Amino acid sequence: MNLKIEKITTEIERLREKINAKQLRLRDLERQKTELENAEIIAMIRSVDIAPNEFPAFVRMFKEMQAEKNIVPNLPTASYPTTAEVTENNKKKEDDLLEN
């Protein structure tokens, strides 16, 4: 086979491997983001202090209020790390892994 074709084929294979690795990393980061968002939502819901049987009515009222005023009321938030803090921690972990 032509040397140039072999070289390009090798480069294509390396690039595909890098793309696959980046796609896996992207999926992992998206999963982490979803988990943090869900944890924040759960913390907000728990902070509202309503009985479980009253929760559906609360959600309906919240949706109606949001639709009428097109605003989201200020609900108390939990002290979970921000996305920036999580990203920073993940970078530190990756750096530590690369060093070892």
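Residues numbered from 1 in each chain as written. Predicted model: local features only at pLDDT ≥ 70, side-chain atom pairs only at ≥ 80, totals over all residues. Heavy atoms only, no water.

### Some points on the overall build of the chain
Across its full length, the chain holds 3 helices and 0 strands. Taken from N to C terminus, the helices and strands of the chain fall in the order α-α-α. Here the chain holds 100 residues, and the buried ones make up 5% of them. Total accessible area on the chain is roughly 9,100 Å²; 56% of this is exposed by carbon and sulfur atoms. (Helix = DSSP H or I, 4+ residues; strand = E, 2+ residues; numbered from the N terminus. Buried < 20%, exposed > 50% of the residue type's maximum accessible area, 1.4 Å probe, protein only. Areas by Shrake-Rupley, 256 points an atom, 1.4 Å probe, with all protein chains shown as cover.)

### Section: the side chain of Q32
Inspection of the secondary structure puts Q32 in helix α1 (residues 3-47). A polar contact of 2.9 Å, which involves the side chain of Q32, links it to the side chain of D28. (Polar contact = N/O pair within 3.5 Å; in protein donor to acceptor, adjacent residues only side chain to side chain.)

### Re the pattern of salt bridges
Scanning the model with the defined rule gives 5 salt bridges in all. One salt bridge connects R14 with E11, and the closest N-O pair in it is separated by 3.4 Å. With R14 and E11 both in helix α1 and 3 residues apart, the pair spans about one turn of that helix. Assessed through its relative accessible area of 45%, R14 is described here as partly exposed. Its relative accessible area of 44% is what places E11 among the partly exposed residues. (Salt bridge = Lys/Arg side-chain N within 4 Å of Asp/Glu carboxyl O.)

### Brief notes about α1
In this model, α1 (45 residues) spans 66 Å end to end at C-alpha, consistent with the 66 Å of a helix rising 1.5 Å per residue. For α1, the capping residue at the N-terminal end is N2, with a side-chain oxygen 2.9 Å from the backbone nitrogen of K4. The first or second residue beyond α1 is D49, which carries a positive phi of 50 degrees. (Expected span 1.5 Å × (residues − 1).)

### Details of the packing of aromatic side chains
As enumerated under the stated definition, the model contains 2 aromatic pairs in all. Taking 6.5 Å as the distance between ring centres and 25 degrees as the angle between the ring planes, the aromatic pair formed by F58 and F62 counts as stacked. One end of the pair, F58, and the other, F62, are both in helix α2 (residues 55-69), 4 residues apart, so they sit about a helical turn from each other. (Phe/Tyr/Trp six-rings, centres within 6.5 Å; stacked < 30°, edge-to-face > 60°.)

### Points about the confidence of the model for the chain
Here the chain shows a mean pLDDT of 81. Residues at 70 or above account for 73%. Confidence scores differ between elements of the chain, with helix α3 (residues 83-99) showing the lowest mean pLDDT of 68 and α1 the highest of 93. (pLDDT = per-residue confidence, 0-100.)

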